[in-house]
Amino acid sequence: SKSAGRNTMRFFDPTMQALVAQRTALESDLRLGLQRGELLLHYQPVVDAHSRVVGVEALVRWQHPQRGLVPPNAFISIAEQTGLILALGGWVLDAACRQLAFWSHRSATAALTVAVNVSARQFRHPEFVEQVMDTVRRTQASPQLLRLELTESLLLGDTQDTVRKMGELREHGVQFSLDDFGTGYSSLSYLKLLPLEQLKIDQSFVRDVLTDPNDAAIARTILALGQSLGLSVVAEGVETAGQRDFLLQCGCTLFQGYLFSKPVPVEQLLLDDPAAHI
Ligand code: C2E
Ligand code: CA
Ligand code: CA
Ligand code: CA
């Protein structure tokens, strides 16, 4: 029939076919890249109210031989869909923990926390807790200085499993941040249930915090929520002194953003002199 013909035509839509081919190529490329050691970490400082670096967030990049430096938004979601995120996430955790262990031997960097992004699919894996603890032991990283960043999408899954896994890691000293807070689905009752230490105000609320009263209200609300639940709060995506000063006035004491430093290769982190970045 005509409609079946149309469906067939749609199936062979050249743009869709090209997209599928592109994704397949990217996936096998990423698999190879992981094996060939093409992934690397950049680190972005987290600073306190005095602009002192108190920690860093590890952010993955892919140094592709032809494409150049590929940002995570171009490959994380494909890695999640194909399951490659398990190997990729394992690599990130290992590299971040090795760096953490190295820093802990230098007095200037001994107290720095290292935050690692964990995708929901990675966290859901039955052996996630063992993977983290094995990595910590193997690298001799201090679990107290390791911070795992989870997103609210995790709360859509099995809550009991989430609470159990977080609790086990928390007992070993590992801390948890809820990333991109305010953009997802978290119900406030979950917040009480989870052994969290930190909320991260998503950069979409920080961007217009000086001009959009709604964003300012959301930022204030998250800060108040953090305070009443005993959680620290980091403002992400802080690009201007005006944003920082406003958030500071609202009670925010932890900041991350281009105002202080972009994510940089480890050699470029000026941990002793964060003011040099401003
Ligand atoms: P995220 O975890 O929310 O990380 C913050 C992102 O905001 C980073 O982008 C960072 O470069 C960017 N950023 C920081 N400060 C500013 C600022 O002042 N202004 C603006 N406009 N942007 C700023 P990046 O590195 O491209 O990472 C994007 C996302 O990719 C991350 O968002 C995270 O969700 C994901 N990601 C990165 N590394 C990993 C990883 O190792 N594992 C997993 N599962 N996801 C990762
Ligand atoms: Ca993050
Ligand atoms: Ca974030
Ligand atoms: Ca984000």
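None of these values were measured; they are calculated from a predicted model.

(A) Fine view of the coordination of the calcium ion (ligand 3). Here the calcium ion (ligand 3) is held by the protein donor atoms Asp179 (OD), Asp180 (OD), Glu236 (OE) and Glu236 (OE), which lie 2.2 to 2.5 Å from it. Of note, the donors binding the calcium ion (ligand 3) are all from one chain and are spaced D-D-x55-E. The two metals, the calcium ion (ligand 3) and the calcium ion (ligand 2), are separated by 4.0 Å and share Asp179 as a common coordinating residue. Of this pair, Asp180 sits in strand β6 (residues 175-181) while Glu236 sits in the loop between β8 (232-235) and α11 (241-249); the two residues are 56 residues apart in sequence, bridging distant segments of the chain. Exposure remark for Asp180: the relative accessible area of 27% places this residue in the partly exposed category.

(B) Spotlight on the coordination of the calcium ion (ligand 4). With distances of 3.0 Å, the protein atoms coordinating the calcium ion (ligand 4) are Asp180 (OD) and Asp180 (OD). Between the two metals, the calcium ion (ligand 4) and the calcium ion (ligand 3), the spacing is 3.8 Å, and Asp180 donates to both.

(C) Structural view of the pairing of strand β1 (residues 39-47). For β1, the buried fraction is high: 8 of the 9 residues fall into the buried class. Relative to strand β2 (residues 53-64), β1 runs antiparallel, the two sharing 9 bridges. Paired with Leu41 across the strands is Val60, a residue of β2. Following β1, the chain reverses through 5 residues before pairing antiparallel with β2; Ser51 in that reversal takes a positive phi of roughly 60 degrees.

(D) Broad picture of the environment of Leu59. Relative to the elements of secondary structure, Leu59 occurs in strand β2. Overall, Leu59 belongs to the buried group, its relative accessible area being 17%. Other than its neighbours up to four places away in sequence, Leu59 contacts Leu40, Leu41, His42, Gln44, Asn117 and Pro263.

(E) Structural detail: the pairing of β8. Looking at chain direction, strand β7 (residues 198-201) and β8 are connected through 4 bridges and run parallel. Note on β8: the bridge partner recorded for Lys200 is Val234. Here 2 bridges tie β8 to strand β9 (residues 254-255), and the two strands are oriented parallel to one another. The residue bridging Ala235 from the neighbouring strand is Phe255, located in β9. What joins β8 to β9 is α11, and the crossover it makes is right-handed.

(F) Spatial organisation of the packing of aromatic side chains. For the coordinates displayed, the defined rule picks out 4 aromatic pairs. Relative to Trp103, the ring of Tyr43 lies with its centre 5.4 Å away and its plane at 70 degrees, an arrangement referred to as edge-to-face. Here Tyr43 is found in strand β1, whereas its partner Trp103 is found in helix α4 (residues 85-103), with 60 residues between them in sequence. Residue classification places Tyr43 among the buried positions, given a relative accessible area of 3%. Each ring, one from Trp62 and one from Phe75, has its centre 5.7 Å from the other, and the planes form 80 degrees; the classification is edge-to-face. A residue pair is termed long-range when its members are at least 10 positions apart, and Trp62 in strand β2 and Phe75 in the loop between β3 (68-70) and α3 (76-82) qualify at 13 residues. For Trp62, a relative accessible area of 0% translates into the label buried. For Phe75, a relative accessible area of 0% gives the class buried.

(G) Structural context of the site of ligand 1. Close to ligand 1 lie 21 residues, the nearest being Gln44, Arg61, Gln203, Glu239 and Tyr258. The contact in question runs from an oxygen atom of ligand 1 to an N or O atom on the side chain of Arg61, over 2.8 Å. When ligand 1 sits alone it has 800 Å² of accessible area, and the protein chains cover 83% of it. Elements that contribute at least two residues to the shell around ligand 1 include exactly β2 and β6. A total of 4 residues in the shell around ligand 1 trace back to one element, the largest contributor, which is β2. Across the shell around ligand 1, the residue classes break down as 8 nonpolar, 7 polar and 6 charged.

The rules we used
Residues numbered from 1 in each chain as written. Chains lettered and ligands numbered in written order. Predicted model: local features only at pLDDT ≥ 70, side-chain atom pairs only at ≥ 80, totals over all residues. Heavy atoms only, no water. Donors = N, O, S within 2.8 Å, 3.2 Å for Na, K, Ca; no water. Helix = DSSP H or I, 4+ residues; strand = E, 2+ residues; numbered from the N terminus. Buried < 20%, exposed > 50% of the residue type's maximum accessible area, 1.4 Å probe, protein only. Pairing = 2+ DSSP bridges. Contact = heavy atoms within 4.5 Å. Right-handed = clockwise from strand over helix to strand, strands pointing away. Phe/Tyr/Trp six-rings, centres within 6.5 Å; stacked < 30°, edge-to-face > 60°. Near = heavy atom within 4 Å. Polar contact = N/O pair within 3.5 Å; in protein donor to acceptor, adjacent residues only side chain to side chain. Areas by Shrake-Rupley, 256 points an atom, 1.4 Å probe, with all protein chains shown as cover. Nonpolar A, V, L, I, M, F, W, Y, C, P; charged D, E, K, R; others polar.

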